[in-house]
Amino acid sequence: MSAAEQILSEVLRCLSACGLPAAEAYRPRGPLERREAVAASIQRLQSRPAGLDGYLGQRYEAETAAWRELYGRRGEVWIALEAYAPRASGCEALLERAHDALTAGLAAGLRPGEMEWEAVCWDAETGMFRRRAILRCEVFLVAAAPEESGELLDFRLKGVPES
């Protein structure tokens, strides 16, 4: 799973855990089948090596009794949230709840910063009001390489267990 997919999955998990009707934007059978929804997407993602050219050091894993080389990437992600509701005030309420959920419940690898809100507008295609917001987050990704092979495994969003 790519970094963007991991981030979006974590955002949707967090919103759903707080009882918000949330779905990934741009999906054919997306959130607009409901009367109120928050659609999330990644607007922009930038990353760069963390530490000395990505190297963070070693970590001892007790369960395998082995040392693993740790590498990291850090950056910024702009998460687009679009609230749809039959009334303009519903968009406001949905985005307030989304903001509260995301600033309190995201994995350690996503640190929310500022959120910019756009004006409420009428969406003729859905027949509902829409309000868009962009949440800017600092993102941390880590990868571990076992000492015996040195093979660098995929980068994972920090704080999210491997599935």
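Keep in mind that what you see is a predicted model, and the values were worked out from it rather than measured.

A. Just the packing of aromatic side chains, in detail. What the rule picks out here adds up to two aromatic pairs. Note on W122 and F129: the rings are 5.0 Å apart at their centroids and 80° apart in plane angle, and the pair reads as edge-to-face. For W122, a relative accessible area of 48% translates into the label partly exposed. Judged by relative accessible area, which is 25%, F129 ranks as partly exposed. The positively charged end of R44 is found above the aromatic ring belonging to W78, 4.3 Å away from the centroid.

B. How the structure looks around the state of the cysteines. For the structure on display, the rule yields zero disulfides. As a non-bridged cysteine, C14 has C18 as the owner of its nearest cysteine sulfur, 5.1 Å distant. C14 sits in the buried class, given a relative accessible area of 2%. The structure places no disulfide on C91, whose sulfur is separated from the nearest cysteine sulfur, that of C121, by 8.2 Å. On the basis of relative accessible area, C91 is assigned to the buried category, the value being 0%.

C. Quick look at the environment of E118. For E118, the location among the structural elements is in the loop between β4 (110–117) and β5 (121–123). Here E118 falls in the partly exposed class, since its relative accessible area comes to 38%. Sequence-wise, E118 and I134 are 16 residues apart; in three dimensions their C-alpha atoms are separated by 8.5 Å. Look past the residues within four positions of E118 in its chain and what remains in contact with it is R131 and R132.

Criteria and cut-off values
Residues numbered from 1 in each chain as written. Predicted model: local features only at pLDDT ≥ 70, side-chain atom pairs only at ≥ 80, totals over all residues. Heavy atoms only, no water. Phe/Tyr/Trp six-rings, centres within 6.5 Å; stacked < 30°, edge-to-face > 60°. Buried < 20%, exposed > 50% of the residue type's maximum accessible area, 1.4 Å probe, protein only. Lys NZ or Arg CZ within 6 Å of the ring centre and 35° of its normal. Disulfide = S-S within 2.5 Å. Helix = DSSP H or I, 4+ residues; strand = E, 2+ residues; numbered from the N terminus. Contact = heavy atoms within 4.5 Å.

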